[in-house]
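A closer look at the structure
Each chain is listed here by its residues.
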Amino acid sequence: MTARYKPTLAVVGATGAVGTVMLDLLSTRTDVWGEIRLIASARSAGKHLTVRGQSVEVLALAPEVFDGVDVAMFDVPDEVSAQWAPIAVERGAVAVDNSGAFRMDPDVPLVVPEVNPEQAAIRPKGIISNPNCTTLSMIVALGALHRRYGLRELVVASYQAASGAGQSGIDTLRAQLAKVADDPDIGTRSGDVRQAVGDFGPFPAPLAMNVIPWAGSLREAGWSSEELKVRNESRKILGLPDLKVSATCVRVPVVTTHSIAVHAVFEQEPSQGEAQVILRDSAGVLLVDNPELGEFPTPADAVGTDPTWVGRVRTSLDDPHALELFVCGDNLRKGAALNTAQIAELVAAEF
């Protein structure tokens, strides 16, 4: 019997926040890979990181590091992916990209393995894109409900963690919390939190003891880039180009894990009980829905776990075609590293 070929994997951005989670996933998930190459910027070259229990030297990003690579995962800023993913493809690799560089390119599939795995095989440019972490926080659950009821409209409000703004977001939140923690009067007068925290970091207002109705960058007519990603990416993943979507993205003082309140309108009338069964039985979903016992998803519980946590499932009081639900998903795991790893594993299976 011929031994099964194990493809070679490159992890670009191995030293970053998402890259660190990726190395943990590669060390704990079923091992489908042969050689794993760790790649980062020149300043990180020469470092040693542990993956699959072995110390691996980090290589500097250069065209030749992709020679012999079958799949290259990119966890880097948009501009780096835009430059280097095509180079990896030219060298013979399939690029799986976690940035926003290619998400809305019609020739690049936007894949969530629990929702549209077949799209991973349709990649004219040799690139597969990973959705934004906010979209990923809800789309696995919505995909399951869409298959049964036919999704027609979405109104969502996100509650996004500080880590969505990178390490500087985490550092800023912790520094602000330290400044306000011991003063019992902080938060009782207009402007006192702003004065106490001083540095806002990557946020437009204090995040400690506050919520900020803004995430992303400004787009036309007052919408933010994060809100438009939720709309455009949901349409592409579900294959619903005319899906009505309205999103309001809010930053909250949570380190990691995004939450979303969802109002979903369907073609067919859903029932609460059946919807709960669908969600309970869906891959990648953890149903936590017993309000009588105080059991529902919270970011403090979902953080560090892989599933999309779903609860507060209710049929709308005023629209029999609508469901209300609350979802939580770790934005560094399923929202980034895990989904990228799952896409790469779909490609690995082709070998």
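Residues numbered from 1 in each chain as written. Predicted model: local features only at pLDDT ≥ 70, side-chain atom pairs only at ≥ 80, totals over all residues. Heavy atoms only, no water.

Quick look at the pairing of strand β13 (residues 322-329)
Successive residues of a regular strand alternate their side chains across the two faces of the sheet. β13 sits mainly inside the fold: 7 of its 8 residues count as buried. Across 8 bridges, strand β10 (residues 258-266) lies against β13 in antiparallel orientation. Its bridge partner lying in β13, S259 is registered against C328. Where strand β12 (residues 308-315) lies against β13, 5 bridges are found, and the strand directions are antiparallel. Residue pairing across strands places V310 opposite V327, the latter belonging to β13. (Buried < 20%, exposed > 50% of the residue type's maximum accessible area, 1.4 Å probe, protein only. Helix = DSSP H or I, 4+ residues; strand = E, 2+ residues; numbered from the N terminus. Pairing = 2+ DSSP bridges.)

Topic: the layout of surface pockets
In this model, the largest pocket occupies a volume close to 1100 Å³. Around the largest pocket, the lining comprises 44 residues; the ones closest to its centre are V18, V76, P77, G164 and G166. Elements supplying a minimum of two residues to the lining of the largest pocket: α1 (17-28), β2 (36-40), α2 (78-90), α3 (133-149), α4 (167-180), α6 (225-238) and α9 (333-348). The leading source of residues in the lining of the largest pocket is α6, at 3 residues. Looking at the lining of the largest pocket residue by residue, the classes come out as 15 nonpolar, 21 polar and 8 charged. (1 Å grid on protein atoms, 1.4 Å probe; cavity = no way out; pocket = protein on both sides within 12 Å on 5 of 7 lines; lining within 4 Å. Points joined across faces, edges and corners; volume = space filled by probe spheres on them. Nonpolar A, V, L, I, M, F, W, Y, C, P; charged D, E, K, R; others polar.)

Brief notes about the nonpolar core
By size, the foremost hydrophobic cluster in this structure holds 35 residues, and its most contacted members are M138, L145, L154 and V262. Put simply, the parts of the chain that give this core at least two residues each are α3, β8 (151-160), α6, β9 (244-251), β10, α7 (272-280), β12 and β13. A total of 9 residues in this core trace back to one element, the largest contributor, which is α3. Excluding residues that lie within four positions of it along the chain, M138 makes contacts with L154, V156, V230, S234, I260, V262 and V327. In terms of nonpolar packing, the next biggest core, distinct from the first, is built from 33 residues, W33, A40, A336 and I343 among them. (Core = buried A, V, L, I, M, F, W, Y, C linked by side-chain atoms within 4.5 Å. Contact = heavy atoms within 4.5 Å.)

Comments concerning the side chain of N339
Structurally, N339 can be placed in helix α9. Since its relative accessible area comes to 0%, N339 is described here as buried. Each residue touching N339, except ones within four places of it in the same chain, is listed here: V111, V112, P113, E114, N130, P131, L136, R333 and K334.

Some words on the pairing of β8
Strand direction decides the pairing type here: β8 and β10, joined by 8 bridges, are antiparallel. Along β10, the bridge assignment pairs V156 with V262.

Some thoughts on the environment of L207
For L207, the location among the structural elements is in the loop between α5 (192-197) and α6. For the pair L207 and G169, spaced 38 residues apart in sequence, the C-alpha to C-alpha distance is 9.3 Å. In this structure L207 touches A162, L173, Q176, I212, R251, V252 and P253, once residues within four positions along its chain are discounted.

As for the sheet that holds β9
Taken together, 6 strands build an open sheet; the order of strands is β9-β8-β10-β13-β12-β11 and the sheet is mixed. Both edges of this open sheet fall to β9 and β11 (285-287), since each of them pairs with a single strand only. Taken over all neighbouring pairs, the strand axes of this sheet differ in orientation by 25 degrees on average, direction set aside. Lying on the sheet, α3 is in contact with β8, β10, β11, β12 and β13; it crosses β10 at an angle near 30 degrees. Across the sheet, α7 touches β11, β12 and β13, and the angle it forms with β12 is around 170 degrees. (Axes fitted to C-alpha atoms, helices over the stretch in contact; angles between N-to-C directions.)

Some points on the environment of T248
With respect to the helices and strands, the residue T248 is situated in strand β9. Sequence-distant contacts of T248, defined by excluding residues within four places in its chain, comprise V156, A157, S158 and E227.

Topic: the sheet that holds strand β5 (residues 71-74)
In space, the 7 strands of this open sheet follow the order β3-β4-β2-β1-β5-β6-β7, with mixed pairing throughout. Because the sheet does not close on itself, it has two edges, and the strands there are β3 (48-51) and β7 (127-129). Each strand of the sheet is rotated relative to its neighbour by a mean of 30 degrees, with strand direction disregarded. Bridge count between strand β1 (residues 9-12) and β5: 4 bridges; the pairing is parallel. By the bridge assignment, A10 is partnered in β5 with A72. Running over the sheet, α1 touches β1, β2, β3 and β5 and is turned about 40 degrees from β3.

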